[in-house]
Amino acid sequence: MTNDIPDLAAQVGRALQEKGLLLTTAESCTGGGLAQAITEIAGSTSWFDCGFIAYSSASKTEMLDVPAALIAQLGTVSEEVAAAMANGALASSNAHVAMSTTGIAGPSGAVPGKPVGTVCFGWANGDTVHTERLVFAGERRSVRAQTVAHALQGLLRFLG
C-alpha cells in the first residue's frame, strides 16, 4: 500500500462514496493534517463532514466528551482516549465514520512507556471501534506525516 498521502486520501474518498458514508476526524498530534489531506481532494465535500482539532486535554473533554478521568488515568496518548475521541467526533457530527489521532510528535513530551513518536489511532463507525498504537521514528514533521498516512491506510482497512 502506498504512503502517498494525496493518493491515500483519494482512495479513502472513493471508498466512502461507494458506501455512501460521511467521515469526520478528531485530531491531536496531527493538528488538522488529516482534514487538510482530505480537503485537498476535489469533491471531498460529498464524503467529509467536519474535523475536530482537540490538541489540549481540556479540548478533548469539552469538544469530544472524552472523560477527564480517562485522561487522568491513562494520559492523552492511549488507545482508550483515541477510541473516545473517534466516538466523540461521531456524536458531535453528521458523519457515519470517524478516525482519530493522539500522540507525541516530539521533540519533547516523552513519558515512561511512551517515547517520542508514540501515536494512538481510533477508527469508529458507531458499532465498532478499532484502535492501534504505533511508535514512529524520525523528527516531528516526519512523525506527523507518517501518522496521517497510517490513519488513512487504517481507515481503508476499517472500511473493508
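Note that this is a predicted model, so its numbers are computed, not measured.

**Description of helix H1 (residues 5-19)**
Residues spaced three or four apart along an α-helix face the same direction, because each turn holds 3.6 residues.
(1) Moving on: Along its 15 residues, H1 runs 21 Å from first to last C-alpha, staying within 8% of the 21 Å computed at 1.5 Å per residue.
(2) Moving on: Regarding H1, the residues found buried are Leu8, Ala9, Ala10, Val12, Gly13, Ala15 and Leu16.
(3) Moving on: The elements touched by buried residues of H1 are strand E1 (23-27), helix H2 (33-39), strand E3 (97-103) and helix H6 (140-159).
(4) Moving on: The backbone nitrogen of Asp7 lies 3.1 Å from a side-chain oxygen of the residue at the head of H1, namely Asp4.
(5) Moving on: Positive backbone phi, approximately 65°, marks Gly20, located one or two places after H1.

**Some thoughts on the pattern of salt bridges**
(1) Moving on: Taken as a whole and assessed by the stated rule, the structure comprises one salt bridge.
(2) Moving on: The residue Glu132 makes a salt bridge to Arg157 at a minimum N-O spacing of 4.0 Å. You can see Glu132 sitting in strand E5 (residues 129-135) and its partner Arg157 sitting in helix H6, a full 25 residues away along the chain.
(3) Moving on: You can call Glu132 partly exposed: its relative accessible area is 21%.

**Re the packing of aromatic side chains**
(1) Moving on: Counted under the stated rule, the structure contains two aromatic pairs.
(2) Moving on: With 5.6 Å between their ring centres and 0° between their planes, Phe121 and Trp123 make a pair best called stacked.
(3) Moving on: Take Phe121: its relative accessible area is 0%, and that puts it in the buried class.
(4) Moving on: Trp123 sits in the buried class, given a relative accessible area of 1%.
(5) Moving on: Here Phe121 and Phe136 contribute two aromatic rings whose centre-to-centre distance is 6.3 Å and whose plane-to-plane angle is 90°, an arrangement assigned as edge-to-face. In this pair, Phe121 is assigned in strand E4 (residues 118-124) and Phe136 in the loop between E5 and H6, connecting sequence segments 15 residues apart.

**Digging into the sheet that holds E3**
Strand pairing in a sheet takes place through backbone hydrogen bonds and is either antiparallel or parallel in direction.
(1) Moving on: An order of E2-E1-E3-E4-E5 is seen for the five strands of this open sheet, with the pairing classed as mixed. On the outer flanks of this sheet lie strand E2 (48-53) and E5, each paired with one strand and no other. When strand polarity is set aside, the average angle formed by the axes of neighbouring strands in this sheet is 10°.
(2) Moving on: Inspection of the sheet shows E4 paired to E5 by seven bridges, in the antiparallel sense. Of the residues in E5, the one forming a bridge with Cys120 is Arg133.
(3) Moving on: Where helix H5 (residues 79-91) meets the sheet, it contacts E1, E2, E3, E4 and E5, and its direction lies at approximately 140° from that of E3.
(4) Moving on: Across the sheet, H6 touches E1, E3, E4 and E5, and the angle it forms with E4 is around 30°.

Cut-offs and rules
- Residues numbered from 1 in each chain as written.
- Predicted model: local features only at pLDDT ≥ 70, side-chain atom pairs only at ≥ 80, totals over all residues.
- Heavy atoms only, no water.
- Helix = DSSP H or I, 4+ residues; strand = E, 2+ residues; numbered from the N terminus.
- Expected span 1.5 Å × (residues − 1).
- Buried < 20%, exposed > 50% of the residue type's maximum accessible area, 1.4 Å probe, protein only.
- Contact = heavy atoms within 4.5 Å.
- Polar contact = N/O pair within 3.5 Å; in protein donor to acceptor, adjacent residues only side chain to side chain.
- Salt bridge = Lys/Arg side-chain N within 4 Å of Asp/Glu carboxyl O.
- Phe/Tyr/Trp six-rings, centres within 6.5 Å; stacked < 30°, edge-to-face > 60°.
- Pairing = 2+ DSSP bridges.
- Axes fitted to C-alpha atoms, helices over the stretch in contact; angles between N-to-C directions.

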